[in-house]
Structures are given as C-alpha cells and as structure tokens.
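# Coordinate inspection notes
Okay, here's what each chain looks like letter by letter:
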Amino acid sequence: MYIKHLALHYASAFPILWQSEKTIILFFLFTFLSSQNHFSAAQKWVKAGYWYSGSDFPISDINSALFTHLICAFANVNSSTYELSIPSNSEQNFSIFTSIVKRKNPSIVTLLSIWDGQADTYKSILGEAVNSSVLSSMLAQSSYRKSFIESSVKTARTFGFQGIDLFWLWPDSTDLSNIGTLLDEWRATVDSEPRNSSVSKLILTMGVRYSPSLQSVSYPIHSMRRNLDWAHVVAYDYHVPSSENFTGNHAALYNPSSNFSTDFGIREWLSGGYPSSKLVLGMPYHGYAWKLVNPTDNSLGAPASGPAVTLDGSMGFRSIRSFIQDYGYGARSVYNSTYVVNYFVVGSAWINFDDVETVRAKISYAKEKGLLGYNVFQVINDDNWALSLAAQDEVRQGKRSWLWLKIVLPIALISILLASLMFYYRSRIFERKGKP
Ligand SMILES: *[C@@H]1O[C@H](CO)[C@@H](O)[C@H](O)[C@H]1NC(C)=O
Ligand SMILES: *[C@@H]1O[C@H](CO)[C@@H](O)[C@H](O)[C@H]1NC(C)=O
C-alpha cells in the first residue's frame, strides 16, 4: 500500500519537478544569454575623438587602440556650389587618415566632420558665435541641400571614411527647423546609397549644444532621433575667460547654483525625448586659464581681468600638466567633486580643466545615464594618453562588475536552488518513510 502510494506520489511529482527544473534552467539560461547581450552592448560603447587637421600633431601618433571612432576635422562647404570641400592643405592628410589610424586598430571607424566653411573656423569652437551663413543658406533651399548631401556621401567614400559628422554649434531657430528636414533627406540618401554588401552604411552624427533648448531655440529632437546614429553633446566651454570677468567652471558636470552644467543639459535632452542610447557625452581635453584681479581671492566666481597664459586662456591638457610641473613646485591639481572639475591656481593664474578624476567621474555618470559613449575634443591634447587610458579603464571596470553580477550571481543562485530542491525532496522521502 505504502509502496504503491509512494510510486503514485513520484509519478505525479516527477513531471512537476521536471517541469519546474526545466523552467528554472530555461530561466537562468535566458538570464545568462541576455547578460551576454548586455555585455556585448557594453563592448559597443562609443569611444570617439576628434583630430583636427590644422594641428601639427601627426596622425600616426594617435593611439587609435584607445578609441572605437575617430573623427577627422574639418571639411568645409563651398559657398557657391554648397558642395563639400576639403581645404587644399589638408587633402593629403584626409586621404591617408583612415589607413593610418587602422594600423594600430584595424576595427576603428573613421568619420569626416563638416564645419561651416568660414576661414577662421577652429577658434570659434572655443569662443563666440560665428557667421554661419553658408550652412544657413544651404539649409534653406532644397536644391542646395541636395548638392550638399550628395557631395558629402561622395566625399566620405572617396576619402575612405565610414561616417559623416556635422559639427555646427550656433544654428538659429530657422536653421534648426531646416536641420530637421536636412536630416530626413540625408538619412534617405545614406540608406539608399548603392553599395556592395562588403561596404557598411555610412554613419550619421551631429555635434550639438549642451542643452536642446536655449534662448528660445530648440533642436528638432524627433528628426534627430529618427535619422542620426548619435548626437554628441558639446559639454564644455560654458564659461570662458575671453568673455567673462569672473572665474568659472567651463565643463562642470554639476552646478548647484546654475543651469550651466553637463548634468542639466543631459537631463534636458533626455526629458525632451532624445534617447540616451543615441546620446554621446562630449569631453574636453582642454581647460581655461583666468587672470585673477587679486591673487588672494582665487575662489570660484572671483573677479578676473581676462585670459591668462595664452591669448584666449585655452590650454590643452598636456600643456596644463607641463605648466603645473613648471610652476607648481610639486603641487597637484585639486579635484572638486561637488562640480566634478579640477583646479590649479598659482599666482594670478586660475586654471580650470578636466584631470583624470574628472574624466573618470564623467564616464561613470555617462554609464549611469545609459548613454552611448563619449567623444573627446581633441585627441592631440591628451598627455601620454593619460585621460584616454583613464576613460577606457573606467569603462572596463563597469564591465567587470557587470560580468561578475550577471554570470557569477546566476550560477550561485542555480546551485542554491538545486541544492534546496534536492533537500526538499529528500526530506519529503524521509518524512514518508518515517510514517507507519
Ligand atoms: C567653390 O566652387 C567653385 C566652383 O567649383 C570654385 O570655382 C571656387 O573656387 C570654390 N570656392 C572655394 C572657396 O573653394
Ligand atoms: C567645491 O567648490 C565649492 C566652491 O568653491 C565649495 O563650496 C565646495 O565645498 C567644494 N567641494 C568640495 C567637495 O571640496
């Protein structure tokens, strides 16, 4: 009687046990596989950087192994044909760029960046608005847009680039609504470009201001979302010594007392409906030096009489480091975690920049917000790749803890569950055996 009962019990219990084990195993297999997906998504993090052809930094010195994408800057727009034009003194560099950076990193993706086409282009990135008439008039007419778009695709292909970047920070409100149209047309052209299957589709990106709506101007978020592979936020130059008489943080992540911060801008982009998975954080490899009016008053917001050290106060990270070495007598830069900035003050020079700690904190922020990656301006200003190495390390650290959490934890859970299931059934058997 007892044996029969036991047999019946097992006959009915086994399928249940089997079913639930199968479910559990499937569940964990699924968790494991999806963790693998997350893992490879993390590997696809965009680690991009600009190389400016006007600098005399040799392309071959770029450590491209530290990047996934490199952006070659800048192509101009011809004011009569609206076609792209590469400055003649850069043509040689543009044509060898991709093959040279692929030597140290065969899987690097290169993009061609387009600027406004004015002669004195580089300075204006770090300073005031420029006359953007060429791009404005290109945007306003369908036939001009067509010339621009077609020549951009042709030029990118001719020079071996795998993507196109529009870097234009001062469009007005008319420009911005026209940009929405341009992006629709640009995307359609890129998608329908005749190409053989071994060539991948061109990437489309755009450099944008730190916040999507400023001074009654707002970006065409829906068109951008539809058409761009990503937008990189130019999250720096908030305060510069050539236009302000008080010391200020030029690229603070946080600002408890104003909206001039990267966190404010990123939150505006996200709440405006732009997806974090298409947003790339711009990071400066430069800082600014202010000349203090009174060297003993060297706080944030202290009176300043203009730029120090250089003409406009801008300094690459490498030259800031060598300045500190020359004038710091062993002192280091000070990290402030309230704003996420670094300072170095000596005499009447007040320097504000991103050192290693700041870069790490920004990467960690970008990961927390689920952004697509980062984009540095510009790679040549790094010092022995200290900032890029720190950035890469911060990305990897996250991956390691992710891996730990997603693989080791499920295995531990499976073991605990199986052990307790076994324990449960054994005790059931003993319980029954114990009964008369
Ligand atoms: C623009 O294109 C026209 C026609 O091809 C050419 O003559 C002119 O030199 C170009 N302008 C510049 C600034 O390259
Ligand atoms: C950062 O600087 C501000 C302004 O000088 C100061 O109030 C704050 O306490 C500093 N934060 C840290 C963590 O030192």
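Residues numbered from 1 in each chain as written. Chains lettered and ligands numbered in written order. Predicted model: local features only at pLDDT ≥ 70, side-chain atom pairs only at ≥ 80, totals over all residues. Heavy atoms only, no water.

Moving on, we come to the overall build of the chain. Within the chain one finds eleven helices and 17 strands. Here the chain holds 436 residues, and 49% of them are scored as buried. Partitioning the contacts of the chain with sequence separation of at least 6, the portion at a separation of at least 24 is 74%. Only carbon and sulfur atoms are counted for the fraction: they give 58% of the accessible area of the chain, which is about 20600 Å². (Helix = DSSP H or I, 4+ residues; strand = E, 2+ residues; numbered from the N terminus. Buried < 20%, exposed > 50% of the residue type's maximum accessible area, 1.4 Å probe, protein only. Contact = heavy atoms within 4.5 Å. Areas by Shrake-Rupley, 256 points an atom, 1.4 Å probe, with all protein chains shown as cover.)

Our focus in this paragraph is the side chain of S53. Residue position: S53 is located in the loop between β1 (46-52) and β2 (69-77). With relative accessibility at 12%, the residue S53 sits in the buried group. At 3.1 Å, the side chain of S53 and the side chain of S90 are in polar contact. Setting aside its immediate chain neighbours within four residues, S53 contacts A73, F74, S90 and F94. (Polar contact = N/O pair within 3.5 Å; in protein donor to acceptor, adjacent residues only side chain to side chain.)

Turning our attention to the packing of helix α4 (residues 133-140) against helix α6 (residues 173-192). Remark: α4 packs on α6, axes separated minimally by 9 Å, with the N-to-C direction vectors making an angle of 55°. If you check the angle between α4 and α6, you find them oblique. For the crossing formed where α4 meets α6, the hand is left-handed. Every residue of α6 that contacts α4 at S136, M138, L139 and A140 is listed here: D175, N178, I179 and L182. The class makeup of the residues in the contact of α4 with α6 is five nonpolar, two polar and one charged. (Axes fitted to C-alpha atoms, helices over the stretch in contact; angles between N-to-C directions. Parallel < 35°, antiparallel > 145°, perpendicular 65-115°, else oblique. Left-handed = near helix turned anticlockwise from the far one by under 90°. Nonpolar A, V, L, I, M, F, W, Y, C, P; charged D, E, K, R; others polar.)

Neighbouring ligand 2 are N336, S337, T338 and Y339. Here N336 contributes a side-chain N or O atom positioned 2.3 Å from an oxygen atom of ligand 2. T338 places a polar side-chain atom, nitrogen or oxygen, 2.7 Å from a nitrogen atom of ligand 2. Bound to the protein, ligand 2 loses 43% of the 360 Å² it would expose on its own. Class assignment for the residues of the shell around ligand 2 results in one nonpolar, three polar and no charged. (Near = heavy atom within 4 Å.)

This part takes up the environment of H239. By secondary structure assignment, the location of H239 is in the loop between β9 (230-234) and α8 (262-271). For the pair H239 and H250, spaced eleven residues apart in the sequence, the C-alpha separation amounts to 4.6 Å. With near-sequence residues (within four places) excluded, H239 lies in contact with E244, G248, N249, H250, F260, Y288 and W290. At a separation of 2.6 Å, a polar atom in the side chain of H239 contacts the side chain of E244.

Before going further, it helps to spend a moment on the site of ligand 1. With respect to spatial proximity, the complete set of residues near ligand 1 consists of N78, S80 and T81. Between ligand 1 and N78, the relevant distance is 2.3 Å, taken from an oxygen atom to a side-chain nitrogen or oxygen of the residue. Coverage of ligand 1 by the protein amounts to 27% of the 360 Å² it exposes when considered alone.

Residue position: F161 is located in the loop between α5 (142-158) and β5 (163-167). For the pair F161 and I203, spaced 42 residues apart in the sequence, the C-alpha separation amounts to 9.4 Å. Non-local contacts of F161, meaning those with residues more than four positions away in its chain, are made with C72, F94, F97, T98, T110, L111, L112, A156 and L202.

Its 13 residues give helix α10 (residues 356-368) an end-to-end C-alpha distance of 18 Å, which sits within 8% of 18 Å, the value for a rise of 1.5 Å per residue. Along α10, the residues that are buried comprise T358, V359, K362, I363, Y365 and A366. Down the axis of α10, the buried side of the element spans an arc of 160°, and every buried residue falls inside it. Count one or two residues on from α10 and you reach G370, which has phi positive near 70°. (Expected span 1.5 Å × (residues − 1). Arc of directions from axis to C-beta.)

Glancing now at the pairing of β2. Burial analysis of β2 places nine of its nine residues in the buried class, the great majority of the element. Both β1 and β2 contribute to a ladder of five bridges, which runs parallel. Bridge pairing in β2 links W51 to C72. Sheet analysis places β2 next to strand β4 (residues 109-114), joined by six bridges and oriented parallel. Of the residues in β4, the one forming a bridge with I71 is L111. (Pairing = 2+ DSSP bridges.)

Summed over all chains, the structure comprises 26 aromatic pairs. For the ring pair Y50 and F74, a centre distance of 6.2 Å and an interplane angle of 45° mean the geometry is tilted. Linking Y50 in strand β1 with F74 in strand β2, this pair joins segments that are 24 residues apart in sequence. Overall, the relative accessible area of 1% leaves Y50 in the buried class. Residue F74 is classed as buried on the basis of its relative accessible area, which comes to 3%. Judged by centre distance (4.7 Å) and plane angle (50°), the ring pair of Y210 and Y238 falls under tilted. Here Y238 lies in the loop between β9 and α8 and Y210 lies in the loop between β6 (203-209) and β7 (213-214), a separation of 28 residues in the sequence. Within the aromatic cluster, the residues linked to one another by ring pairs are Y50, Y52, F74, W115, F167, Y236 and F377. (Phe/Tyr/Trp six-rings, centres within 6.5 Å; stacked < 30°, edge-to-face > 60°.)

We now examine the environment of K44. Tracing the backbone shows K44 in the loop between α1 (2-43) and β1. With a relative accessible area of 62%, K44 lands in the exposed category.

None of this, on its own, says anything about what the molecule does.
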